[in-house]
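Chain and residue survey
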There are 2 protein chains.
Amino acid sequence: MTYSLTPAIQDYLEVIHDLSKHDSKVRITDIARKLNVAKSSVTEAIELLHAKNLVQKERYGPITLTRNGEREAAKLKYKHLLISKFLRDVLNVTADTAEKDACLIEHVVSVETMLALIQLLESKNYLDNDIDIEEVKILLSTNSLSNLAPGTKGTIKRVEATGELRRRLMEMGVTSGDDIQVKRVAPMGDPIEITVKGYNLTLRKNEAAAILIEIN
Amino acid sequence: MTYSLTPAIQDYLEVIHDLSKHDSKVRITDIARKLNVAKSSVTEAIELLHAKNLVQKERYGPITLTRNGEREAAKLKYKHLLISKFLRDVLNVTADTAEKDACLIEHVVSVETMLALIQLLESKNYLDNDIDIEEVKILLSTNSLSNLAPGTKGTIKRVEATGELRRRLMEMGVTSGDDIQVKRVAPMGDPIEITVKGYNLTLRKNEAAAILIEIN
DNA sequence: CTAATAAGTTAGGTTAAACTAACAATATTA
DNA sequence: TAATATTGTTAGTTTAACCTAACTTATTAG
C-alpha cells in the first residue's frame, strides 16, 4: 500500500538506507541528526513508513528496511546518483550544486526522463562499470505489485521468487509478460485481487510483493 | 519581501502570468479553474502574493501582476520553457512527460544548473532566435533588491531606472558592479537599509525595486 | 545493581495548502 | 430595475510535516 510517497517521506527512506549500510539497525536519533529534524518528527514519519510496509519497527526498537523499503530506497539512490552525475559530467555544474539539485529533482522526475537520462549517460560512456545499468532500468521502471493502487494496469516484468512461492505463482498462471490489473486491495494491503489472462486471482501480500510490474 | 516562494505559490504566479496575456485583469475563478483548486484557496493564495508584493488586488477586484511579480513569473516561465526544451530535444522525452517534469523541476532547480543548461542548449543550437538568451541569463541570475532578506550579499548587476529615479540612485553612489549588503528591512519592506562602497544607505522600496542584484 | 544519561514516545501546538459550506458583492438578463 | 446567476470572501476543517516540552523506557557508568 505504498501508492505514493511525499518528498519528505522519501528523504527519510533514503537516510535510513544510508545509515543501514553501516549498521542494519538504524536508530531514531541518527535519522533525526542526519535530517536535522526533531526526534518526534522521526517517530511520526517512521510510523507512516511502517504503515506503508517500508520499514520494520517495534516500540523502542531499531528500524530496518523491508524488502519493499529497500527497493524504493534503491530507486531513490540511483535517481540521485544518475542526476548528480549528469549535472556534474554533462552540464559541468559544481559538485555542491549538483548534490543539492539532485536531492530535489530525484523526488519529482519521471521514470521516462530517468531512462532517457541513462541513455544519454550511456551514449557518452559516463557510467561506471560497477553498476549494472540494465538492472537499474528494471528497478526504476517497475513496482512491486504490493505497492499498486486498485485500478492500476501493467505488465508482469519479473517474478522475484524461488522455490515453493515461485512454483505456486507459476501454477496460478502468473508469468512474465502477462498483462495484469489490480482489482481490489484489502485494508493493510492483504489480500490483493488481480486479473491475469482473464482470470481473477487473490494473492497474499507476500506473494504480490514478489511480482514486479511495469505500469502502462 | 519575497524571500522565498513555495512551489504552490509559484504555480499561482505562473498561472496569473499566463492568464494576463489574454486579459491583464485576471479573475479568481479563472485561476481556480486552471489550477483545479477551490476559489477560496485562490483567495488565500492571492492574499499571500499581495503581501509579498507580487500582485495588486483590492476586495472583489481583478488581479494584476506587479513589476516584481512579472519578473518572478518570467523567471519561472523561462525555466519551464528551457527545461521542457532540454527534455524534448536533448533527452528525446515525449512532449507530455517533458511538460509534466518541467512543471515540477522548475520549482527546485538552481540558477547555476539553469545557466549550465542554457549553455548546453546554446552549444547545440537548440534555442529559438526569438528569445534574447543573454537577457534571460541576467533575469535568472538576479533578484530585485526589494526581494532580498537582511544579511544578503551581492553585486549590483543593473539599475533599471530612468530619469529622476536613476539620477538620484547614481548620486547616492549606486552603480553597476558595486558590492552591496542588505542591512535591515523594515516591515512591509519599506525602507531598506543597505551598504554600498562602505556607505550606509536607506532606500525606499520603489528605489530598491529598480536595483538588480546578483547574489554571491 | 542502582543512578545518571540517552533514546524514544506522547501530547499538544504551528504552518502551508488545501477543502466545504454559507454568505456577501457584483454582473447579467429578462 | 428587480430577480437571478456568478463571483469573491469568510469561517471553520483537514492533512502533512514539522515543532517543544514532558514523560517513559533503555542503556551505560560508577
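Residues numbered from 1 in each chain as written. Chains lettered and ligands numbered in written order. Predicted model: local features only at pLDDT ≥ 70, side-chain atom pairs only at ≥ 80, totals over all residues. Heavy atoms only, no water.

This paragraph deals with the protein's contact with DNA strand D. Taken together, 21 residues surround DNA strand D, and among them Thr-6, Ala-38 and Ser-41 of chain A together with Thr-29 and Lys-57 of chain B come closest. Taken together, the sugar and phosphate atoms account for 65% of what DNA strand D places within 4 Å of the protein. Between DNA strand D and the protein, one listed contact pairs a phosphate oxygen with a side-chain N or O atom of Thr-43 of chain B at 3.3 Å. Listing elements by their share of the surface near DNA strand D, those giving two or more residues are helix H1 (7-22) and helix H3 (39-51) of chain A together with helix H2 (28-35) and helix H3 (39-51) of chain B. Broken down by element, the residue count for the surface near DNA strand D peaks at 4 residues, all from H3 of chain A. Tallied by class, the residues present in the surface near DNA strand D amount to 9 nonpolar, 7 polar and 5 charged. (Near = heavy atom within 4 Å. Polar contact = N/O pair within 3.5 Å; in protein donor to acceptor, adjacent residues only side chain to side chain. Helix = DSSP H or I, 4+ residues; strand = E, 2+ residues; numbered from the N terminus. Nonpolar A, V, L, I, M, F, W, Y, C, P; charged D, E, K, R; others polar.)

As a structural note, the neighbourhood of DNA strand C is formed by 21 residues, with Thr-29, Lys-39 and Lys-57 of chain A together with Thr-6 and Ser-41 of chain B the closest of them. In this structure, a phosphate oxygen belonging to DNA strand C sits 2.6 Å away from a side-chain N or O atom of Lys-57 of chain A. Between DNA strand C and Arg-59 of chain A, the relevant distance is 3.2 Å, taken from a phosphate oxygen to a side-chain nitrogen or oxygen of the residue. For the surface near DNA strand C, the secondary structure elements donating two or more residues are helix H2 (28-35) and H3 of chain A together with helix H1 (7-22) and H3 of chain B. In terms of residue class, the surface near DNA strand C is built from 9 nonpolar, 7 polar and 5 charged.

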